[in-house]
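# Structural features, examined
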Amino acid sequence: MSELQINTTQNVNITFTAASVGERILAYGIDFLIKIAYAVTFGYLIFKVGGLWDTVSALDSWSQAAVIILFLSPVFFYTLTLESLLEGQTIGKRVVKIKVIKIDGYQASFSDYLVRWFFRIIDIDIMSGIIGLISIVVSNKSQRLGDITAGTSVITLKDKVTINHTILENLGKDYKPTYPDVIRLSDNDARIIKETYETARKTSDYKTMLKLKKKIEEVTGIVSIHDNSHTFVKTVLRDYNYYTQHM
């Protein structure tokens, strides 16, 4: 599986692991079986058991087509609807643990999912998915044509993530917060702060650490009681975790 480097608008590089072709095919297969199960089960119950087939048979061809299209609309719009409601996942993707994301680091929007869904006609339906498969293999970001057009990609969520890779911090039961104004930060703010902090700490980049301290003070209105920028930022992150875990 290839790595996907995303540079956010805050100039923070985030690395994801792109979903493999096998994972995407497996997710598609699960979704396909769900669609078949719907068509067979509800088709039998509605048309056979419910006796609607006799009524439909008596209609003209255009009316019959309209009824069939209406019945199959959940199949047609399955992917678009679920990806929009489940933030980039269908049932198949959720089972396989993959999801659609924007390559700029933001959450994909309905219009992005709509573009991906529309391009399924080219990527998947035409030539039994060969076009989409070739596009994924050739693309350096594992994108099919729909992803390229929408600015999205599909990543795996199976990475072994430890607490050090998240905005979470191990806090002792006796921990006492210092800066209550950290609640003005969002999870995304905290994530960016932690990533910048970790990079600056590892490279002993004191200038970046100081700039980060000043930016936090500017955004939150916090007046630091710590002279050391490293200690201040670390305390802010720990305080943020304390308050978000106890809200």
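Parameters and conventions
Residues numbered from 1 in each chain as written. Predicted model: local features only at pLDDT ≥ 70, side-chain atom pairs only at ≥ 80, totals over all residues. Heavy atoms only, no water. Core = buried A, V, L, I, M, F, W, Y, C linked by side-chain atoms within 4.5 Å. Buried < 20%, exposed > 50% of the residue type's maximum accessible area, 1.4 Å probe, protein only. Helix = DSSP H or I, 4+ residues; strand = E, 2+ residues; numbered from the N terminus. Axes fitted to C-alpha atoms, helices over the stretch in contact; angles between N-to-C directions. Parallel < 35°, antiparallel > 145°, perpendicular 65-115°, else oblique. Left-handed = near helix turned anticlockwise from the far one by under 90°. Contact = heavy atoms within 4.5 Å. Bend = angle between axes of the 7 residues up to and from the residue. Polar contact = N/O pair within 3.5 Å; in protein donor to acceptor, adjacent residues only side chain to side chain. Phe/Tyr/Trp six-rings, centres within 6.5 Å; stacked < 30°, edge-to-face > 60°. Lys NZ or Arg CZ within 6 Å of the ring centre and 35° of its normal.

This part takes up the nonpolar core. Here is a general trend for soluble globular proteins: nonpolar side chains tend to be buried in one another's company. Counting 16 residues, the largest nonpolar core has Val182, Ile193, Ile216, Phe232, Val233 and Val236 as the members making the most contacts within it. In this structure, Ala19, Ala27, Val96 and Val154 belong to the second largest nonpolar core, which totals 9 residues.

This brings us to unusual backbone geometry. With phi around 60°, Met127 is a residue other than glycine that occupies positive phi space. You can see Met127 is positioned in the loop between α7 (120-125) and α8 (130-138). Residues other than glycine seldom take positive phi values, yet Ser142 does so here, at roughly 55°. With respect to the helices and strands, Ser142 occurs in the loop between α8 and α9 (145-150). Owing to a relative accessible area of 8%, Ser142 belongs among the buried residues under this scheme.

Let us look at the pairing of strand β4 (residues 152-156). In terms of burial, β4 is a largely internal element, 5 of the 5 residues being buried. Side chains Thr152, Val154 and Thr156 project from β4 onto one buried face, and the interleaved Ser153 and Ile155 project onto a second face that is buried too.

Right, let's talk about the packing of helix α1 (residues 21-49) against helix α3 (residues 61-76) for a bit. For the pair α1 and α3, the least separation of the axes is 9 Å and the interaxial angle reads 140°. Taken together, the axis directions place α1 and α3 in an arrangement best described as oblique. The two elements α1 and α3 meet at a crossing, and its hand is right-handed. Every residue of α3 that contacts α1 at Lys35, Tyr38, Ala39, Phe42, Gly43, Ile46 and Phe47 is listed here: Val67, Phe71, Pro74 and Val75.

The subject of this paragraph is α3. Since one α-helical turn is 3.6 residues long, residues separated by three or four positions face the same way. Along its length, α3 shows its largest kink, about 35°, at Leu70, and proline Pro74 lies within four residues downstream of that point. For α3, the side-chain oxygen to backbone nitrogen distance between the N-cap and Trp62 is 3.0 Å, and the N-cap itself is Asp60.

Right, let's get into helix α4 (residues 78-85). Within α4, burial applies to Tyr78, Thr79, Leu80, Leu82 and Glu83. The secondary structure elements touched by the buried residues of α4 are α1, α3, α5 (91-96), β3 (98-102), α6 (110-118) and α7.

With respect to the helices and strands, the residue Asn241 is situated in helix α12 (residues 229-245). Here Asn241 falls in the buried class, since its relative accessible area comes to 1%. Considered as a pair, Asn241 and Ile183 are 58 residues apart in the sequence and their alpha carbons are 9.4 Å apart. Polar contacts involving the side chain of Asn241 include one to the main-chain carbonyl oxygen of Leu237, which spans 2.8 Å.

This brings us to the packing of aromatic side chains. Aromatic ring pairs are reported here in terms of the distance separating the ring centres and the angle at which the planes meet. A complete count under the given rule lists 9 aromatic pairs for this structure. Each ring, one from Phe47 and one from Phe71, has its centre 5.2 Å from the other, and the planes form 80°; the classification is edge-to-face. In this pair, Phe47 is assigned in helix α1 and Phe71 in helix α3, connecting sequence segments 24 residues apart. Just as Phe47 is buried, Phe71 falls in that class too. Plain terms: the ring middles of Phe77 and Trp117 are 5.3 Å apart, the flat faces sit at 25° to each other, and that makes the pair stacked. One end of the pair, Phe77, is in the loop between α3 and α4; the other, Trp117, is in helix α6, with 40 residues separating them in the sequence. When its relative accessible area of 23% is taken as the criterion, Trp117 is described as partly exposed. The ring of Phe232 carries Lys213 above its face, with NZ or CZ at 5.5 Å from the centroid.

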